[in-house]
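# Structural characterization, general
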Amino acid sequence: KAKKSRSSRSSRAGLLFPVSRVDRQLRRGHFAERFGARAPVYLAAVLQWVTHKTMDVAGKISKKSKQQRISPSHLQTAVQKSSVLKQLLRGGTPRRRGRAAPQSQRVASPSKKKTTKSKKR
């Protein structure tokens, strides 16, 4: 029999963030009784994306200020400058720009019923 080589869930998903550690923290946190096998993979991917975006913007800010190290003030400025990160980390709800109002927020207009004339027999 050919022996299967072991590979981590992070490497199978193509991530740098640890999927197994995220899985363990989800289980220990008692956020839900059950969750799917893909939930920790997705959460690790989202955490990796947020970290990458934040560090990328903070790195550009530190280069602009002619410093080689990213300081906490660079991270804070990065979050304040990026509308996506600000919205995500401040907990604000996304605004819909240039779209119609959602169905639940529309004001119901009085419906016009078609009156049918009753025929005489």
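## Quick look at the side chain of D23
Looking at where D23 falls in the secondary structure, it is placed in helix 2 (residues 19-29). Contact partners of D23, with chain neighbours within four places excluded, come to R9, F35 and P40.

## Points about the environment of P18
Relative to the helices and strands, P18 is located in the loop between helix 1 (9-13) and helix 2. Of the residues examined, P18 reaches a relative accessible area of 32% and is grouped as partly exposed. Sequence spacing of P18 and Q48 is 30 residues, and the spatial spacing of their C-alpha atoms is 9.5 Å.

## Digging into the environment of V41
Position of V41 relative to the elements: it lies in helix 3 (residues 39-64). Among the residues examined, V41 registers a relative accessible area of 24% and is labelled partly exposed. Each C-alpha atom of the pair V41 and S20 lies 8.5 Å from the other, and the pair is 21 residues apart in sequence.

## A closer look at the pattern of salt bridges
Tallied over the entire structure, the rule returns 3 salt bridges. In this structure, R9 engages D23 in a salt bridge whose closest nitrogen and oxygen atoms are separated by 2.9 Å. Within this pair, whereas R9 is found in helix 1, its partner D23 is found in helix 2, the two being separated by 14 residues in sequence. R9 sits in the partly exposed class, given a relative accessible area of 28%. Measuring nitrogen to oxygen at the nearest pair gives 3.3 Å for the salt bridge that ties R27 to D23. With R27 and D23 both in helix 2, this residue pair falls 4 residues apart, about one helical turn. By relative accessible area, R27 is classed as exposed at 54%.

## Let's talk about the nonpolar core
By size, the foremost hydrophobic cluster in this structure holds 5 residues: L15, V19, V22, L26 and A44. The element best represented in this core is helix 2, accounting for 3 residues.

## Quick word on helix 4 (residues 72-81)
Looking only at helix 4, the buried set comprises H74, A78 and V79. For helix 4, the angular spread of buried residues about the axis comes to 135 degrees, placing them on one side. Structurally, helix 4 contributes buried residues whose contacts are with helix 3 and helix 5 (83-90).

## So, the packing of helix 4 against helix 5
Where helix 4 meets helix 5, the axes come as close as 5 Å, and the angle between the chain directions of the two elements is 100 degrees. Judged on the interaxial angle alone, helix 5 and helix 4 are roughly perpendicular. Judged by residue contacts, A78, V79, Q80 and K81 of helix 4 engage S83, L85, K86, L89 and R90 from helix 5. Of the residues in the contact of helix 4 with helix 5, the class split is 4 nonpolar, 2 polar and 3 charged.

Calculation rules
- Residues numbered from 1 in each chain as written.
- Predicted model: local features only at pLDDT ≥ 70, side-chain atom pairs only at ≥ 80, totals over all residues.
- Heavy atoms only, no water.
- Helix = DSSP H or I, 4+ residues; strand = E, 2+ residues; numbered from the N terminus.
- Contact = heavy atoms within 4.5 Å.
- Buried < 20%, exposed > 50% of the residue type's maximum accessible area, 1.4 Å probe, protein only.
- Salt bridge = Lys/Arg side-chain N within 4 Å of Asp/Glu carboxyl O.
- Core = buried A, V, L, I, M, F, W, Y, C linked by side-chain atoms within 4.5 Å.
- Arc of directions from axis to C-beta.
- Axes fitted to C-alpha atoms, helices over the stretch in contact; angles between N-to-C directions.
- Parallel < 35°, antiparallel > 145°, perpendicular 65-115°, else oblique.
- Nonpolar A, V, L, I, M, F, W, Y, C, P; charged D, E, K, R; others polar.

On their own, these measurements won't tell you what the molecule is for.
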